[in-house]
Amino acid sequence: MSKNLAMSMEKQKRGQLGVNVVERIVLQDWRGRWQPIDSVNDDGVDGLIFMESRGVPTGQIVFVQVKCTSKKPRSDGVVAVAIKREKLTMNIERWRRVVGAAILVHVNPVTLKAYWVNLRDENAIGNTQVLVPSENIFNKSSRKEISKLCGTIHRDLLIKKLTTKGSDFPYLKEKEHIQVCARKYYKKLDSLALRIGGNGPVVRFTKEGWGHITRFGRARLTQLQSFQLLGVVKEMIESTNESELREIKPETGCPVEFVYLMAAISFPHRQTAVVKIILWRRQDSVNGTNYSFRTIYEPRRRHDVLGVR
């Protein structure tokens, strides 16, 4: 057997060892699914992790490059995984294109301990190496952080979709200041006695709600965003049944005070966005359950196109 062939086989065995370690962690600790990718397709991805929650696929996918080397951490605790410049350049483009998370997992062939890094983090990429921090241990506890890198697209695709018209935003066409016009429209919403689901409980638009979206200390641009979104309130409330409202979990032992509804809104004057309305829910011994408006905003603001903050 030639020396080159022996080295190639040893490298292949070591690579498989690394993949086996990652697969074991995914199956046992993450309770997810691992799908290996044929090594002949050397395109910077050795396998896919399909995230699951209680045995049900969440729709989140993690693209994984596995490297199994004896490389020791530098003095700063970082393992510099060497990759040829040309190959690294091609892989970077692939990692940026995938819809989901892209990570590199470095496995020590002796200790079988694994560490990971986000391949979309520019600070993790050098000219001919990927930098893997030793504090990023790839184990059960890393699942939550890595899942956040998948973004929110998998959830947003399931959100109710609504289309608005220009006539839904008459207050934006007025000549007065937007806050003045939005205040008048807010009062109009209360006069409409909007009902959840069209025939459910009435939602009141009180001074308390207006005071919350214009409160001191709330960023001015965030206030303006709420003003601009008021035009979708009627459609969202009347198209959402009371059973579809989601509770916001309070502190332990406290009753639920707030509920929310969400929708992906198509606007006539700007890009589509996910919009969230929060309502106060109070119990009244005479009138039963009462709802009032608290706030409206875009929960994906300051996130990238994948929904990653």
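This part takes up helix α2 (residues 85–97). Taking 1.5 Å of rise per residue, the 13 residues of α2 would be expected to cover 18 Å, and the 19 Å separating its terminal C-alpha atoms lies within 8% of that figure. All of the buried residues in α2 are Leu88, Asn91, Ile92 and Trp95. Looking down the long axis of α2, one finds its buried residues gathered within 110° of arc, a one-sided arrangement. Facing away from the buried side of α2 by over 90 degrees, the exposed positions are Glu86 and Arg97.

Strand order in this open sheet of 5 strands is β1-β2-β3-β5-β6, and the pairing throughout is mixed. Of all strands in the sheet, those bounded by a partner on one side alone are β1 (33–36) and β6 (114–118). If you compare each strand with its neighbour and ignore which way they point, the axes differ by 30° on average.

As a further point, take the packing of helix α5 (residues 178–191) against helix α7 (residues 220–229). Between α5 and α7, whose axes approach to 9 Å, the crossing angle comes to 45°. When the axis of α5 is compared with that of α7, the two are oblique. Crossing of α5 over α7 shows left-handed handedness. On the side of α5, the interface is formed by Ile178, Gln179 and Ala182, while α7 contributes Arg220, Leu224, Phe227 and Gln228. Its residues assigned to classes, the contact of α5 with α7 shows 4 nonpolar, 2 polar and 1 charged.

Rules behind the numbers
Residues numbered from 1 in each chain as written. Predicted model: local features only at pLDDT ≥ 70, side-chain atom pairs only at ≥ 80, totals over all residues. Heavy atoms only, no water. Helix = DSSP H or I, 4+ residues; strand = E, 2+ residues; numbered from the N terminus. Expected span 1.5 Å × (residues − 1). Buried < 20%, exposed > 50% of the residue type's maximum accessible area, 1.4 Å probe, protein only. Arc of directions from axis to C-beta. Pairing = 2+ DSSP bridges. Axes fitted to C-alpha atoms, helices over the stretch in contact; angles between N-to-C directions. Parallel < 35°, antiparallel > 145°, perpendicular 65-115°, else oblique. Left-handed = near helix turned anticlockwise from the far one by under 90°. Contact = heavy atoms within 4.5 Å. Nonpolar A, V, L, I, M, F, W, Y, C, P; charged D, E, K, R; others polar.

All we've got here are geometric facts, nothing functional implied.
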